[in-house]
Amino acid sequence: MAITLNSGFKMPIIGLGVWRMEGKHIKDLLINAIKIGYRHFDCAADYQNEGEVGEALAEAFKTGLVNREDLFITTKLWNSDHGHVVEACKASLKKLQLDYLDLFLVHFPIATKHTGIGTTASALDEDGVLDIDTTISLESTWHAMEETVSMGLVRSIGISNYDIFLTRDCLAYSKIKPAVNQIETHPYFQRESLVKFCQKHGIAVTAHTPLGGSVANTEWFGSVSCLDDPDFKGLAEKYKKSVAQVVLRWGIQRNTIIIPKSSKQERLEENFKVFDFELTKEDMEFIKSKDRKYRTNNPAKFWGLDLYA
């Protein structure tokens, strides 16, 4: 299954996120994921593993496991490179060993002190607070993103972690409309207004952290995952599926693109098996009632300030 973006290109509705994947395991994980059926991989300069992803992709192409045009590869512009968009894009392409990106996203709507192309450091000031660059506007960043399309480096461009206000502004000043807004959304953080606003205006929504972060975010942020919710366990029993499969299926039926992350073979397989059942309208409504407006991924822990405040 795929969603047709406003750029005309098709984006697989399920992908594999590579955040926090360790370099030494990436090749085997990605090769196995391709064998399972994954054709969409979500990367970022900030994940600091584009080089390892590139090695895995090169091997997949060389062995004939898959062709480049069969895959959809996303990566993201880091905050410190807002003033160096084209250079950062080229740096990511080189690491990924690709001639073009299917999707290039502005990772966060904030420019920070430049620390060198692709270094993805989050420079802090003397108070331990994120060193924000107030001389670079999101509009100028976006027009540089548009340049990557005209140069043939990127097929589609988009935004990430933008709220309704910033998304509306981007629609107003853009020559090329954002094709995607990647946001945290899951049953505990549904963000229905933002999702509907984007979809109404032709912007596809990708759900990062579609399972509420699970173990990864519990470790980093001390958050609670919906996977432990007794009501979701009850739904899993009803459909004879895992809780994760029910939650991912909910995301798909909202017409959002889902990019669950896993480093375990059995989870990779499980997360992909979400097309052989459908949640009833009643169960979709029940899950809608479970919203807690609960964000599980908040980089304030590392940046010394809450950008979402």
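Anything mentioned here points back to the structure above.
Residues numbered from 1 in each chain as written. Predicted model: local features only at pLDDT ≥ 70, side-chain atom pairs only at ≥ 80, totals over all residues. Heavy atoms only, no water.

**Here's the deal with the pairing of strand β5 (residues 72-77)**
Then step 1. Most of β5 is tucked away: 6 of the 6 residues are buried.
Then step 2. Both strand β4 (residues 40-42) and β5 contribute to a ladder of 3 bridges, which runs parallel. Looking across to β5, one finds that His 40 is bridged to Phe 72.
Then step 3. A crossover connection joins β4 to the parallel β5 through helix α2 (residues 50-62); in handedness this β-α-β unit is right-handed. (Buried < 20%, exposed > 50% of the residue type's maximum accessible area, 1.4 Å probe, protein only. Helix = DSSP H or I, 4+ residues; strand = E, 2+ residues; numbered from the N terminus. Pairing = 2+ DSSP bridges. Right-handed = clockwise from strand over helix to strand, strands pointing away.)

**Some words on the side chain of Lys 290**
Then step 1. Position of Lys 290 among the secondary structure elements: in the loop between α11 (281-288) and α12 (300-303).
Then step 2. For Lys 290, a relative accessible area of 16% puts it in the buried group.
Then step 3. Within polar-contact distance, the side chain of Lys 290 engages the side chain of Asp 229 at 3.0 Å.
Then step 4. Beyond its immediate sequence surroundings of up to four residues, Lys 290 is in contact with Pro 187, Tyr 188, Gln 190, Asp 229, Asp 231 and Phe 232. (Polar contact = N/O pair within 3.5 Å; in protein donor to acceptor, adjacent residues only side chain to side chain. Contact = heavy atoms within 4.5 Å.)

**A look at the pattern of salt bridges**
Then step 1. All chains considered together, the criterion is met by 12 salt bridges.
Then step 2. The salt bridge involving Arg 254 is made with Glu 192; its shortest N-O contact spans 2.9 Å. Taken together, the positions of Arg 254 in the loop between α9 (243-253) and β10 (257-258) and Glu 192 in helix α6 (residues 192-200) put the pair 62 residues apart, joining distant regions of the chain.
Then step 3. What makes Glu 192 partly exposed here is its relative accessible area of 27%. (Salt bridge = Lys/Arg side-chain N within 4 Å of Asp/Glu carboxyl O.)

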